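If you want the building blocks of each chain, they are given just below.
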Amino acid sequence: MIVKRPRAEEAHILSLVAADAAALHVAPPHVRFVTRSSGPCYEALFNRIELDRATLALPEPLLRIVVAHEVGHATQRGTMLLDFAWTVLSVTMLLSIPCIVFALSPDQELWRVSVPGFAFVVAFFVCGKIWRTRSVERSDAFELDADAKAASLCGAASALAALEAMSTRGHIDTARLDAMRARLISNSR
Ligand SMILES: [Zn+2]
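As the structure is a prediction and not an experimental result, all values here were calculated from the model.

Engineer: Any chance you could break down the overall build of the chain for me, citing the residues and the numbers?
Structural biologist: Looking only at helices and strands, one finds seven helices and three strands in the chain. In the chain, the order of α-helices and β-strands from amino to carboxyl end is α-β-β-β-α-α-α-α-α-α. Taken over C-alpha atoms, the radius of gyration comes to 22 Å for the chain, far larger than the 16 Å a tight globule of 189 residues would show. Taken across its 189 residues, the chain has 20% of its residues classed as buried. For the chain, contacts bridging at least 24 residues in sequence account for 60% of all contacts bridging at least 6.

Engineer: Please provide a residue-by-residue account of the nonpolar core, values included.
Structural biologist: One finds Ile65, Ala68, Ala150, Cys154, Ala159 and Ala162 to be the most contacted residues of the largest nonpolar core, which totals 23 residues. Secondary structure elements with two or more residues in this core: β3 (48-52), α3 (60-74), α5 (110-154) and α6 (156-167). Looking at which element gives the most residues to this core, the answer is α3, with seven residues. Leaving out residues up to four positions away in the same chain, Ala159 has contacts with Ile65, Asp147, Ala150, Ala151, Cys154 and Met180.

Engineer: Run through the packing of α6 against helix α7 (residues 174-188), naming residues and quoting values.
Structural biologist: In the contact formed by α6 and α7, the axes pass within 9 Å of each other and the chain directions differ by 160 degrees. Put simply, α6 runs roughly antiparallel to α7. In terms of crossing hand, the pair formed by α6 and α7 is left-handed. Contacts between α6 and α7 involve Ala156, Ala157, Ala159, Leu160, Leu163, Glu164 and Ser167 on the former and, on the latter, Arg176, Leu177, Met180, Arg181, Arg183, Leu184 and Asn187.

Engineer: Can you lay out helix α4 (residues 77-104) for me, pointing to particular residues and giving the numbers?
Structural biologist: With 28 residues, α4 ought to run about 40 Å at 1.5 Å a step, and its terminal C-alpha atoms sit 40 Å apart, in line with that. Among the 28 residues of α4, zero are classified as buried, and the element is accordingly described as predominantly exposed.

Engineer: Hey, could you go over unusual backbone geometry for me, with residue numbers and the actual values?
Structural biologist: The backbone of His25 shows a phi angle near 55 degrees, a positive value even though the residue is not glycine. Along the chain, His25 turns up in the loop between α1 (7-23) and β1 (30-34). With 7 C-beta atoms packed within 10 Å, His25 lands in the exposed category. One non-glycine residue with positive phi stands out, namely Asn47, at about 45 degrees. For Asn47, the location among the structural elements is in the loop between β2 (41-43) and β3. Overall, the presence of 16 C-beta atoms within 10 Å leaves Asn47 in the partly exposed class.

Engineer: Report on the sheet that holds β2, specifying residues and quantitative values.
Structural biologist: Whenever strands of a sheet pair, they do so through backbone hydrogen bonds, lying parallel or antiparallel. Taken in spatial order, the three strands of this open sheet run β1-β3-β2, and their pairing is mixed. Bordering the open sheet on either side are β1 and β2, each of which pairs with just one other strand. Each strand of the sheet is rotated relative to its neighbour by a mean of 25 degrees, with strand direction disregarded.

Engineer: Hey, could you go over the environment of Glu60 for me, with residue numbers and the actual values?
Structural biologist: With respect to the helices and strands, Glu60 occurs in helix α3. Measuring from C-alpha to C-alpha, the distance between Glu60 and Lys149 comes to 18 Å, with 89 residues separating the pair along the chain.

What counts, and at which threshold
Residues numbered from 1 in each chain as written. Predicted model: local features only at pLDDT ≥ 70, side-chain atom pairs only at ≥ 80, totals over all residues. Helix = DSSP H or I, 4+ residues; strand = E, 2+ residues; numbered from the N terminus. Rg over C-alpha atoms; globule rule 2.2 N^0.38 Å. Buried ≥ 20, exposed ≤ 12 C-beta atoms within 10 Å, placed from the backbone. Contact = placed C-beta atoms within 7 Å. Core = buried A, V, L, I, M, F, W, Y, C linked by C-beta atoms within 7 Å. Axes fitted to C-alpha atoms, helices over the stretch in contact; angles between N-to-C directions. Parallel < 35°, antiparallel > 145°, perpendicular 65-115°, else oblique. Left-handed = near helix turned anticlockwise from the far one by under 90°. Expected span 1.5 Å × (residues − 1). Pairing = 2+ DSSP bridges.

By themselves, these observations are geometric and do not establish any function.
Encoded structure:
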């Protein structure tokens, strides 16, 4: 559900997004304000940031980090869309294999259909498992990169404070906190 926000608050968020986008040399993403509490997110397909009510209620310094992180995702849009296109292409190619095999089957003997069919089902599940593992790794890498961009815009100490605050809402995993702590330590050396 989309929320009607006061104009001043909306304008403030849009100005933060525009400033971060300019600093990261990327086109400013659109912003949508929502009521559900799934946390802030970036949608590559629409180049759009979604901010929920709880995020907007964060103190200003934390809100700035969240916005910077989401704008950081906008810099990954090309890679995200390419990933999506490759996924669609791979699934289409994989699904076309049994269609071709069955179409070219010279006769209706059961084993000629069932054996390659069974092999295909096994291959499909193996590919699905590989794909899921890879997509989790890609997603984690995108998050770490967006965190790094937020830290470059707002400072690692502020970014870590924001991650710690967001982790209490269950939106942040430990790897991101660890990476930001490591960045803070390496910056202070
Ligand atoms: Zn993110």
